[in-house]
Amino acid sequence: MAKPTSPIEETDDNLPTLESLADRLGKPEPGLLEALLDGTSESQLVERGRQIASSRVLTDVRRLYATAHACWSGASKDKRERLRGFSPELLALAVEQALALERLLDAHESAGQKKDATRATRDAALRETLSRALLLRDQAYEVLRGVGGSGKEAREALAQAVGTAEDPAALARGLTQLAALGTRYLAQKKGPLAVRARLMRLDKDYVERLEETAREVTQAAKTAAARPAGQKVTSGDLDRADGINLILLEQIVRVFERANEQDPTVPRLVPIATRRLFSRRTRKKVTGAPSDGASGGGAADEEDLLEDDDAPV
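So, how was this worked out
- Residues numbered from 1 in each chain as written.
- Predicted model: local features only at pLDDT ≥ 70, side-chain atom pairs only at ≥ 80, totals over all residues.
- Heavy atoms only, no water.
- Helix = DSSP H or I, 4+ residues; strand = E, 2+ residues; numbered from the N terminus.
- Buried < 20%, exposed > 50% of the residue type's maximum accessible area, 1.4 Å probe, protein only.
- Contact = heavy atoms within 4.5 Å.
- Areas by Shrake-Rupley, 256 points an atom, 1.4 Å probe, with all protein chains shown as cover.
- Phe/Tyr/Trp six-rings, centres within 6.5 Å; stacked < 30°, edge-to-face > 60°.
- Salt bridge = Lys/Arg side-chain N within 4 Å of Asp/Glu carboxyl O.
- Core = buried A, V, L, I, M, F, W, Y, C linked by side-chain atoms within 4.5 Å.
- Expected span 1.5 Å × (residues − 1).
- Patch = residues over 30% accessible without salt bridge, like charges linked within 9 Å, V, L, I, M, F, W, Y side chains within 5 Å.
- Lys, Arg positive; Asp, Glu negative; His and termini not counted.
- Charge placed at Lys NZ, Arg CZ, Asp CG, Glu CD.

### Observations concerning the overall build of the protein
Argument step 1. If you tally the helices and strands in the protein, you get 11 helices and 2 strands.
Argument step 2. Reading the protein from its N end, one meets helices and strands in the order α-α-α-α-α-α-α-α-α-α-α-β-β.
Argument step 3. Here the protein, with 313 residues, has 38% of them falling under the buried criterion.
Argument step 4. Across the protein, every contact between residues at least 6 apart in sequence was considered, and the portion connecting residues at least 24 apart equals 80%.
Argument step 5. On the protein, roughly 18300 Å² of surface is accessible, and the fraction owed to carbon and sulfur atoms is 50%.

### Here's the deal with the packing of aromatic side chains
Argument step 1. Following the criterion strictly, the structure yields 2 aromatic pairs and no others.
Argument step 2. Centre to centre, the rings of phenylalanine 86 and phenylalanine 256 are 5.3 Å apart; their planes meet at 80 degrees, and the pair counts as edge-to-face. Note that phenylalanine 86 is positioned in the loop between helix H5 (77-82) and helix H6 (88-148) and phenylalanine 256 in helix H11 (residues 235-262), a separation of 170 residues in sequence. Taken as a pair, phenylalanine 86 and phenylalanine 256 share a single burial class, namely buried.

### What about the pattern of salt bridges?
Argument step 1. If you walk through the whole model with that rule in mind, you get 15 salt bridges.
Argument step 2. Between arginine 50 and glutamate 47 there is a salt bridge, with the nearest N and O atoms lying 2.7 Å from each other.
Argument step 3. In this structure, arginine 268 engages glutamate 257 in a salt bridge whose closest nitrogen and oxygen atoms are separated by 3.0 Å. Highlighted residues: arginine 268 in the loop between H11 and strand S1 (281-286) and glutamate 257 in helix H11, separated in sequence by 11 residues. Like arginine 268, the residue glutamate 257 is buried in the burial classification.
Argument step 4. Three or more residues joined by partner-sharing salt bridges are found here, namely Glu47, Arg50 and Asp239.

### Here's the deal with the nonpolar core
Argument step 1. Core analysis: the biggest nonpolar cluster contains 43 residues, and Tyr65, Leu83, Phe86, Ile252 and Phe256 have the highest contact counts within it.
Argument step 2. The set of elements that each furnish at least two residues to this core consists of helix H1 (18-25), helix H4 (54-73), H6 and H11.
Argument step 3. It is H11 that provides the largest number of residues to this core, a total of 12 residues.
Argument step 4. Of all hydrophobic cores here, the second largest spans 25 residues; its members include Leu158, Leu171, Ala172 and Leu175.

### Examining the side chain of histidine 69
Argument step 1. Mapped onto the fold, histidine 69 is located in helix H4.
Argument step 2. If near-sequence neighbours (up to four positions away) are discounted, histidine 69 is found in contact with Leu21, Arg24, Leu25 and Leu91.

### Quick word on the environment of isoleucine 252
Argument step 1. Turning to its location among the elements, isoleucine 252 is positioned in helix H11.
Argument step 2. The exposure class assigned to isoleucine 252 is buried, which follows from its relative accessible area of 0%.
Argument step 3. Here the alpha-carbon distance between isoleucine 252 and leucine 90, two residues 162 residues apart in the chain, equals 8.3 Å.
Argument step 4. If sequence neighbours within four positions are ignored, isoleucine 252 has contacts with Tyr65, Ala68, Phe86, Leu90, Leu91, Ala94 and Leu269.

### So, H4
Argument step 1. Under the 1.5 Å per step criterion, the end-to-end length of H4 is 28 Å for 20 residues, consistent within 8% with the ideal 28 Å.
Argument step 2. Burial of H4 is extensive: 14 of the 20 residues sit out of reach of the surface.

### Topic: a nonpolar patch on the surface
Argument step 1. There is a patch of nonpolar side chains on the surface, built from Val195, Leu199 and Met200 and spanning about 280 Å² of accessible area.
Argument step 2. Locating methionine 200 in the fold gives a position in the loop between helix H9 (192-199) and helix H10 (204-225).

### Comments concerning a negative patch on the surface
Argument step 1. Residues Asp203, Asp205, Glu208 and Glu211 make up a contiguous surface patch of negative charge.
Argument step 2. Inspection of the secondary structure assignment puts glutamate 211 in helix H10.

Next comes the structure, spelled out in structure tokens:
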């Protein structure tokens, strides 16, 4: 008799969400995760989780855990016997850890988006400050050029004071030096230079404005270069959570795989997004007893979802 076709895992969009599964299964007992991970180091969890993106892990667990729950809920006593190694408590723990990974990923991505937005805001503020400061510097150059007169010494002093605007530090330094030159000119209370200062409207308020703008440029540059506060969720946190979820997923997938070998009406939970972590190999299965004097039974090759049946999780 031909072997019945194994039902493929559900792909219906109406499958329950992780949240609804958690409501149905209830909260797992404390200590279950620690017992399951006993003997597994933190570095092993992180290394395993580093192999794949969190989003891919979540893609598979959302689908496969819903299928596993549906199968168990409608399973007869005999079918549940085939599913030794699986329990609602194990699934509840797996769903809880999947939800924890989902929250971590959301927090990590939100922090990244906030970081990008903050960086863009700071860069825009720096550009605006530099643009305004550059215009003021050029204006101050003309004012002080008119006040200083056409003498060679005055022109050289002005050229040295204005400097360059190749970076924020240079621009701030030029504004400060122009303010110092203006203060020196204002100290002359009589004579042609004092008259030219009145004509050009060079006064103490203008000099203070140059100094204040120089400080604003320096502060804007520091703010733009500053690193944002450390994110609450690091890549290591995500990798660890991925590792935990992969251990739970593998355990459940293995049980359903073995149950399917005994009872083809038990669905195989076939990972798709995480498929490359579950390498396939050829598994030999005896298909019948020897006949017609043959020395041995025939064997059929079957692809096995798991890389090493006997390897510990």
